[in-house]
Structures are given as C-alpha cells and as structure tokens.
Amino acid sequence: MEIIKWNELLSPYQLAVDELLVKFRHVRKDYAERGTYCPIENVEGRVKSVYSILDKARKKNVSADMITKRLEDIAGIRITCRFVEDIYKVSEYIKSRQDMPVSSEVDYVQSPKESGYRSYHLIIQYTVETAFERKTIPVEIQIRTMAMNFWAVVEHSLQYKYNENIPYDIRDRLSRSAEACLALDNEMASIRTEIMEAHELFQKKANVVQSILNNIRKLYSSGNQEQVLKLQNEFFTIYNSDNIGALQEFNYRLEKLLAENGEQL
Ligand code: 0O2
C-alpha cells in the first residue's frame, strides 16, 4: 500500500462541500428576492477531519485502502429547517435536481434512532472537476429542524465526552429532551401558516423598502433634487404608517417618474 496523501485525497471533497454550499445558499437568495418563504433556514458543510475519518474507519472495521469506498459521509452538508414539513420539501427538491443524484436515503424523522436522534439523510453522488480530474463522490446531506439539530449537536458532544458510553441518567434526560423537541416541532407545525405569513410579509416589506431607496437614489442623481428630497420625506411618512400597500403604490410612482426621466429601473 502506498502512503496516503490526505490533502490530495480530501481536496475534491472540499470542492464538493464548497460548491454545494454556494448552490443551497443561492436557493435561499432566490426565495428572498421573490419575498417567499424558503424551506431552507440554514446550510452548513464540512469535510470530516482525518482524525474522525480514521476513528470511524476503525469502528466500522474499514481498512485504510477502502475508506473512500466505504465511508459515505466524508463530505457532509447539513440543512436546517423551521418545520418538519420543510424537511420533506427540501428532500424532494434535492431529488428533483439533475446535479445531485440521490443514491440512498434514510428517514430518521419518521423512524428515529434508539438514541432519540431524528434527521433525514440523503447520500448524493456529486461530480466535481478539479484541476486534474473529474470525480464523482458521495456527499451526505442531513436535513433536520432547528429543534432536531439542537438535540443532535448536544448529544453528539456528550457522546464525544463520554466516548459513546453516556451514563444512564444523562441518557434518560437526553431521551426526555428528544421527546420535548418532538413536542416543540409538533407545536410549531400547528402555527406554521401564521409564522410563514409573518416571514413573507417581513421579506416583502424589506424588498419594497430596498427598491424605494434605490429608486430615490437614482432620481436624486438624475433629476430635480428638491423634488426628490420631498419624495424622501413622503417615504418616511409612509414608512412610519407601516402599510405595505402604500409602500408598493409609492414605489410604483417612483418607477413611473424614473421611466419618464428615461432611466433604467
Ligand atoms: P459526525 O462527527 O457528525 O460526522 P451506517 O453504516 O450508515 O449505519 P453511519 O455512516 O454512521 O452508519 O450512518 P448514520 O448512522 O446515518 O450516521 C451518519 C451521521 O448521522 C453521523 O455521523 C452523525 O452525524 C449523525 N448521527 C447518526 N446517528 C446519530 C445519533 O444517534 N446522534 C447524533 N448526535 N448524531 C447521529 P458520525 O460520523 O457519527 O459523526
């Protein structure tokens, strides 16, 4: 067996994680620009450290030359959602993408692990092109709610602390807190529509205010500055009234003025 060049070996995994982070963050941006609720709340990624790879390989009895064939979570993406329903929306979305072919999936949301762990796992076969090669590698995507994530992160660090032999009383409390997380997810699901509407309203307001400010700036540099100052004062009055319809109408007026001035919107 040859010496393992870990940096070279892990480089395509890092590229896969970097590319996938850009893609999922862009999905969030697309939703935000439309002012619609995004089922992805947060996305993070990592390449397993060499120490964790060796540790997992030892536990699973995988020889060094089989590591990249047998360990499918060397590259990992974690997506957190607000609601359980969103987990399934995100997983369906991933399955619909051509660049993320799914090779396996496990639903630990419907069938939690004995530990209480809940999450949706997908393994995708993702193709990267490095400077020297084209390579298809497995990437594990974990999709979970924020409540599930909170529990899993705490439990994971306890497993690490106790070398996977968590004392019975702590395991018992973890089990009860897993139930509390499940209850929280269920409660949140029951008020999902209200939360989504509030989120969308906020996003719509933020977008229209941003557009108004851009339009005022364009009018200021191209037209009658005294008139634009009056418009800015008018904007503040409308803004304080907290009426999205009035803000949209005001923005429409600004766009008309810009069009009359022959400005690009
Ligand atoms: P890390 O440090 O997060 O990477 P398999 O052969 O498929 O049964 P594998 O590969 O362990 O075995 O798959 P599994 O069980 O789906 O676990 C993959 C990852 O899910 C784990 O990676 C954890 O991140 C997470 N996970 C699974 N079970 C638990 C659990 O009971 N508690 C917590 N907190 N996380 C869990 P790693 O390599 O264990 O850890």
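Structural data are supplied above this passage.
All values reported here derive from a predicted model rather than from experimental measurement.

A. Seen up close, the site of the ligand. Lining the immediate surroundings of the ligand are 16 residues, of which K48, K60, K113, S115 and E155 lie closest. For the ligand, an oxygen atom lies 3.4 Å from a polar atom in the side chain of D73. Take S115: an N or O atom from its side chain is 2.8 Å from an oxygen atom of the ligand. When isolated, the ligand has an accessible area of 750 Å², and the protein chains bury 69% of it. Cavity membership is defined here by more than half of the atoms lying within 2 Å of grid points; on that basis the ligand lies in the largest pocket. Sorting the residues of the shell around the ligand by element identifies β5 (134–145) and α5 (146–161) as the ones contributing at least two each. It is α5 that contributes the most residues to the shell around the ligand, four residues altogether. Here the shell around the ligand is composed, by residue class, of three nonpolar, five polar and eight charged.

B. Quick look at the layout of surface pockets. In this structure, the largest pocket occupies an estimated 1,600 Å³ of space. Taken together, 40 residues line the largest pocket, and the ones lying closest to its centre are K48, K56, D73, H156 and Q159. Partitioning the lining of the largest pocket into residue classes produces eleven nonpolar, eleven polar and 18 charged. Of the volumes computed, that of the second largest pocket is approximately 270 Å³. If you go around the second largest pocket, you meet twelve residues; those closest to its centre are E2, I3, I4, K5 and L9. Ranked by the residues each element gives to the lining of the second largest pocket, the list is headed by helix α1 (residues 6–34), at three residues.

Basis of the calculations
- Residues numbered from 1 in each chain as written.
- Predicted model: local features only at pLDDT ≥ 70, side-chain atom pairs only at ≥ 80, totals over all residues.
- Heavy atoms only, no water.
- Near = heavy atom within 4 Å.
- Polar contact = N/O pair within 3.5 Å; in protein donor to acceptor, adjacent residues only side chain to side chain.
- Areas by Shrake-Rupley, 256 points an atom, 1.4 Å probe, with all protein chains shown as cover.
- 1 Å grid on protein atoms, 1.4 Å probe; cavity = no way out; pocket = protein on both sides within 12 Å on 5 of 7 lines; lining within 4 Å.
- Sits in = over half its atoms within 2 Å of the grid points.
- Helix = DSSP H or I, 4+ residues; strand = E, 2+ residues; numbered from the N terminus.
- Nonpolar A, V, L, I, M, F, W, Y, C, P; charged D, E, K, R; others polar.
- Points joined across faces, edges and corners; volume = space filled by probe spheres on them.

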